[in-house]
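# Understanding the architecture of this molecule
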Amino acid sequence: MTDPVRFLAAFSQALSTVGLYGDEHPATVRSGAAAFERLQELQGSRPQLQFTFLAGEVLFGSESVPELEGWEWSSRFIHAGIERIEFTAAVTLEQLERFLAQLAVRLGIRSGSSTDLWQMGESEIRFGLVTLGTTPQVRPTEAQLPVVTLSYSLREEKETVDWLHQEIQSGAKLPMVEADAVVRSLSIAMHAEQAMVLPLLELKEFDQYTTTHSMNVSVLAMALGEFLELGGATVRALGVAGLLHDLGKVCIPRDILIKPGKLSEAERNVVRDHPVVGARMLLASPDPMHLAAIVAYEHHIMIDGGGYPSLHDARGAQYASRLVHICDVYDALRTNRPYRQAWESERAVAYIESRAGVEFDPSIARSFTAMMRKWDRRVALVPM
């Protein structure tokens, strides 16, 4: 068991004990002391600590803690408005005990009202929602986390995706380890700063479209998965499916992809084949990605049965395909194309809203438009 896991295990045990026995019970004193001992061990080499709680996942600093995937306390913290806990310096046992009492009330496992809550002020312990904004509201019962911007360039991730595409073009099998690493890195970039960010790449030259679009759809799909509270494993699977949904396009000749005018019938057929080509590649990989293959095959199918390729299944495209389809269209509309300028975000959102029930799954479309309007200020455009 790693030090962060030992501390959080002791910390959650102390929270439970506070809820069961109150502040003065010997069991509460013992569990608080045990949590404090684990915290001292963790702060021995680095006094500044940061924990971020996601849907089904915990980050310690910028690193995911695999032992805590699906940890039940993560969702409890999130639902109580606690997305991040920071220790900015070494703390005393009294400070930690008061913090535990504060959180126990906030989580509803100890009786108390908002007037009983500890006014933390300039404490070395801070917690709260992870937000973006130039004039954030400071809650009286917690210290506000600083406003931040994305410091990641995502250049290495882009170069890795470029390399993946080159490998496929040369006839190699898809390197799934590298694809999964890119998705994990994108997830960390979304959460590792002081704010939950949607890092979307800005396209400079249309030659880069397949790479940047794939990464953007991965980010949007993971964000929507989190917005819908689908769970950490599902969110990560959606990120992989989003990253690889257009894999078949790497086999389309460059002159067709960047053609500014209308495509011929033969050229349109080449483009319309890319879902089938991509699905075959994913199923032929050393570790077949069945969900990603389904999404690659179905992501151009509309809710009314239109689109391509044609499905013979009356149930239509699967849920993940319908979700990625919306993310795919939004990013495509937001990108400069050889034949039109990029749309503003609200115009793209309004288009998705207007096509709900025809092109898009109405329930997913409502959630996506709500997410983009709620998190509009969380979008960080990353130049390439």
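Cut-offs used in this document
Residues numbered from 1 in each chain as written. Predicted model: local features only at pLDDT ≥ 70, side-chain atom pairs only at ≥ 80, totals over all residues. Heavy atoms only, no water. Helix = DSSP H or I, 4+ residues; strand = E, 2+ residues; numbered from the N terminus. Contact = heavy atoms within 4.5 Å. Areas by Shrake-Rupley, 256 points an atom, 1.4 Å probe, with all protein chains shown as cover. pLDDT = per-residue confidence, 0-100. Salt bridge = Lys/Arg side-chain N within 4 Å of Asp/Glu carboxyl O. Buried < 20%, exposed > 50% of the residue type's maximum accessible area, 1.4 Å probe, protein only. Core = buried A, V, L, I, M, F, W, Y, C linked by side-chain atoms within 4.5 Å. Phe/Tyr/Trp six-rings, centres within 6.5 Å; stacked < 30°, edge-to-face > 60°. Lys NZ or Arg CZ within 6 Å of the ring centre and 35° of its normal. Expected span 1.5 Å × (residues − 1). Pairing = 2+ DSSP bridges. Axes fitted to C-alpha atoms, helices over the stretch in contact; angles between N-to-C directions. Parallel < 35°, antiparallel > 145°, perpendicular 65-115°, else oblique. Left-handed = near helix turned anticlockwise from the far one by under 90°. Nonpolar A, V, L, I, M, F, W, Y, C, P; charged D, E, K, R; others polar.

## What to know about the overall build of the protein
In terms of regular secondary structure, the protein is built from 15 helices and seven strands. Relative to all contacts within the protein whose residues are 6 or more apart in sequence, the contacts with residues 24 or more apart total 68%. Approximately 17600 Å² of the protein is accessible, and the part contributed by carbon and sulfur atoms is 51%.

## With respect to the confidence of the model for the protein
In this model, the protein carries an average pLDDT of 82, and 85% of its residues clear a pLDDT of 70 or more. Taking the mean pLDDT of every element in the protein, the minimum, 76, falls on strand S7 (residues 379-383) and the maximum, 95, on helix H13 (residues 319-333). Within the model, the stretch residues 113-121 combines pLDDT values under 50 with 21 contacts to residues more than four positions away or in other chains. Every residue in residues 131-150 scores below 50 in pLDDT, and together they form 57 contacts with partners more than four places removed in sequence or on other chains.

## What about the pattern of salt bridges?
Tallied over the entire structure, the rule returns 14 salt bridges. Here Asp361 and Arg322 are joined by a salt bridge, their closest N and O atoms 2.3 Å apart. Of this pair, Asp361 sits in the loop between helix H14 (345-354) and helix H15 (362-374) while Arg322 is found in helix H13, placing the two residues 39 residues apart along the sequence. Given the relative accessible area of 10%, Asp361 is considered buried.

## Notes on the nonpolar core
With 57 residues, the main nonpolar core has Leu244 and Phe368 as its most contacted residues. Residues in contact with Leu244, not counting those within four places in the same chain, are Leu174, Met176, Ala179, Leu282, Ala292 and Ala296. Core analysis: the second largest hydrophobic core is formed by 35 residues, Phe11, Leu15, Leu49 and Leu103 among them.

## Here's the deal with the packing of aromatic side chains
By the definition in use, this model includes 15 aromatic pairs. It is Arg76 that lies over the ring of Trp73; its NZ or CZ is 4.2 Å from the centre. Above the face of the Trp343 ring, Arg347 is positioned so that its terminal group lies 3.7 Å from the ring centre.

## Considering helix H8 (residues 232-244)
Since the α-helix advances by 3.6 residues per turn, residues separated by three or four positions end up pointing in the same direction. The terminal C-alpha atoms of H8 lie 19 Å apart, and with 13 residues this matches the ideal 18 Å at 1.5 Å per residue to within 8%. The buried fraction of H8 is high, at ten of 13 residues.

## Thoughts on the sheet that holds strand S1 (residues 49-54)
With respect to topology, five strands assemble into an open sheet ordered S3-S2-S1-S4-S5, the strand pairing being antiparallel. Only two strands of the sheet have a single partner each, and these edge strands are strand S3 (63-64) and strand S5 (125-128). The pairing of strand S4 (residues 84-87) with S5 spans four bridges and is classified as antiparallel. Opposite Ile85, over in S5, you have Phe127 as the bridge partner. Its contacts with the sheet put helix H3 (residues 72-79) on S1 and strand S2 (57-60), and the angle it makes with S1 is roughly 90°.

## Structural notes on the packing of helix H2 (residues 26-43) against helix H4 (residues 93-107)
Where H2 meets H4, the axes come as close as 10 Å, and the angle between the chain directions of the two elements is 120°. Accordingly, the angle class assigned to the pair H2 and H4 is oblique. Crossing geometry of H2 relative to H4 is assigned as right-handed. Here Gly32, Ala33, Ala35, Phe36 and Leu39 of H2 lie close against H4, whose contacting residues are Leu93, Leu96 and Leu100.

## A short note on unusual backbone geometry
The omega torsion of the bond from Tyr308 to Pro309 falls at -10°, within 30 degrees of zero and hence cis. Positive phi outside glycine occurs at Glu229, with the angle close to 55°.

## Some thoughts on the environment of Trp343
Summarising the element assignment, Trp343 is placed in the loop between H13 and H14. For Trp343, a relative accessible area of 17% gives the class buried. C-alpha of Trp343 to C-alpha of Ala332: the two residues are eleven residues apart in sequence and 9.1 Å apart in space. If sequence neighbours within four positions are ignored, Trp343 has contacts with Leu333, Arg334, Ala348 and Tyr351.

## What to know about helix H12 (residues 290-298)
Within the span of H12, buried status applies to Ala292, Ala293, Val295, Ala296 and Glu298. Contact partners of the buried residues in H12: H8, helix H11 (274-283) and H13.

## Describing the environment of Ala223
Along the chain, the position of Ala223 falls in helix H7 (residues 209-227). Linking Ala223 and Ser187, residues 36 residues apart in sequence, is a C-alpha distance of 9.0 Å. Apart from residues no more than four positions distant in its own chain, Ala223 is found in contact with Met190, Leu198, Met371 and Trp375.

## Remarks on the side chain of Ser345
With respect to the secondary-structure elements, Ser345 resides in helix H14. The contact partners of Ser345, leaving out residues within four places of it in the chain, are Tyr330, Arg334 and Asp376.

## Side note on the packing of H13 against H15
Angle between the axes and distance between the axes: these two values describe a pair of packed helices. One way to put it is that H13 packs onto H15 with a least axis distance of 10 Å and a crossing angle of 45°. Considering their axes alone, H13 and H15 lie oblique with respect to each other. Crossing of H13 over H15 shows right-handed handedness. Along its contact with H13, which presents Tyr319, Arg322, Leu323, Ile326, Cys327 and Tyr330, the element H15 presents Ile364, Ala365, Phe368 and Met372. Counted by class, the contact of H13 with H15 contains nine nonpolar, no polar and one charged residues.

## Here we look at the environment of Lys158
Looking at the element boundaries, Lys158 is found in helix H5 (residues 155-169). In this structure the C-alpha to C-alpha distance between Lys158 and Thr212, which are 54 residues apart in sequence, comes to 7.2 Å.

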